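Overview (structure and organization)
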Amino acid sequence: METLLEVDGMTKSLGEGAARLVIIGGLSFSARAGEFVSVAGPSGCGKTTLLMCLAGLYAIDGGAVRFEGRAVTEPPPGISVVFQDYSRSLLPWKSNLDNVIFGMKRTGLAEADKRTRAGELLLAVGLQGYEGHYPWQVSGGMQQRVAIARGLAAQSRLLLLDEPLAAVDAQTRAELQDLLLDLARRFNQTCVLVTHDVDEAVYMADRVIVLTRRPTRVLAELEVELPKPRDQLATREHPTFLRLRHEVVTLIRSMRQNA
Ligand SMILES: Nc1ncnc2c1ncn2[C@@H]1O[C@H](COP(=O)(O)OP(=O)(O)O)[C@@H](O)[C@H]1O
Ligand SMILES: [Mg+2]
């Protein structure tokens, strides 16, 4: 299958002068078209920094990021990001519907088609009846659904997800995991999900990439050969799930001991 995203020996430092820190220390992985890749790593290891580089929002220092075979030097059409902090990424002066329409600004669709499609996306994320509300008038879980709908609205081939479910309650989190998997399949989207939650990383993915602590690199890659569609009970009780979870937790623990 086509390689959609390639990261090759990428390095990135942040901060100025003496405070400059190497965050990403030569990181390589790739994602094939249609694949769901989870990137798991401890808090502070550089996951958000990595996504910012993949999205072309940060310039990299060394190595390469290629999307559809071309070097990423600015945000390319074809990549969307759902940020961790949805309360700051949604526009408070726009309705939920207009926030989703905002996500389509590079699609070239006619205005009427944008409205129709935005309505369909809000329906798909279970927000029918809330199109005219503003983000601050709905719950955190609902705001994150708007952000996910907006991410999908761009009709990008690659969706980058930065711990999109970290701030919602456990029940909503399980629902949104299944919703994301369903939408990714229906819209044939390649996804890279960054998370510090090992269970979520394994549950969602075709492949899990485990990162080291800062300066971060790839510590391990694990194929997730679990039946689809995933199921909150059956998948999490599956021997393969338990084995993979055990392996990833052991890897993360080994890094702590090497400190
Ligand atoms: N603008 C910045 N300048 C300097 N250091 C930063 C900056 N942004 C993040 N960092 C540091 O980089 C490290 C990785 O941050 P981040 O990518 O947000 O990690 P993660 O998303 O894995 O929690 C952290 O130690 C953080 O303090
Ligand atoms: Mg982060």
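Residues numbered from 1 in each chain as written. Chains lettered and ligands numbered in written order. Predicted model: local features only at pLDDT ≥ 70, side-chain atom pairs only at ≥ 80, totals over all residues.

1. Considerations on the site of ligand 1
Where we set the bar: In this analysis a residue is considered near a molecule or strand if the C-beta atom, reconstructed from its backbone, is found within 6 Å of that molecule or strand. Helix and strand definitions follow DSSP, with helices as H or I runs of at least four residues and strands as E runs of at least two, each counted in order from the N terminus. All amino acids are sorted into three groups, where Ala, Val, Leu, Ile, Met, Phe, Trp, Tyr, Cys and Pro are nonpolar, Asp, Glu, Lys and Arg are charged, and the leftover types, Gly among them, are polar.
In the vicinity of ligand 1 there are 13 residues, among which Leu14, Gly15, Lys47, Thr48 and Thr49 approach most closely. Here the shell around ligand 1 gets three residues from one element, more than from any other, and that element is helix 1 (residues 47–54). Here the residues of the shell around ligand 1 sort into four nonpolar, seven polar and two charged.

2. Thoughts on the environment of Arg150
The criterion, for reference: Any residue pair is listed as a contact if its two C-beta atoms, each placed from the backbone, are within 7 Å.
Considering the arrangement of structural elements, one finds Arg150 in helix 5 (residues 140–153). Along the backbone, Arg150 and Leu90 are 60 residues apart, and their C-alpha atoms lie at a distance of 9.1 Å. Ignoring any residue separated from it by four or fewer positions in sequence, one finds Arg150 in contact with Asn99, Val100, Phe102 and Gly103.

3. With respect to the nonpolar core
Looking at soluble globular proteins, one finds that nonpolar side chains tend to be buried together. Quick note on the threshold: A set of buried residues qualifies as a nonpolar core if it consists of Ala, Val, Leu, Ile, Met, Phe, Trp, Tyr and Cys joined through C-beta atoms within 7 Å. To sort residues by exposure, count the other C-beta atoms lying within 10 Å of each residue's C-beta; 20 or more gives buried, 12 or fewer gives exposed, and values between give partly exposed, all with C-beta atoms placed from the backbone. Note that the domain bounds were set by an automatic or database domain assignment.
Ranked by size, the top nonpolar core spans 70 residues in total, and within it Leu160, Val192 and Val208 carry the most contacts. Among the elements that line this core, the one with the most residues is helix 5, at seven residues. Each of domain 1 (1–78 + 158–167 + 189–259) and domain 2 (85–155) contributes no fewer than three residues to this core. Apart from the residues lying within four places of it in its own chain, the contact partners of Val208 are Ser38, Ala40, Ala201, Val202, Leu222, Val224, Leu244 and Val248.

4. Brief notes about the domain arrangement of the protein
Each assigned domain of the protein is listed here: domain 1 (1–78 + 158–167 + 189–259) and domain 2 (85–155). When each unit is reduced to the centre of its C-alpha atoms, the spacing between domain 1 and domain 2 is 26 Å. Facing the five residues of domain 1 at the interface are five residues of domain 2. Looking at the side of domain 1 that touches domain 2, its residues break down into five nonpolar, no polar and no charged.

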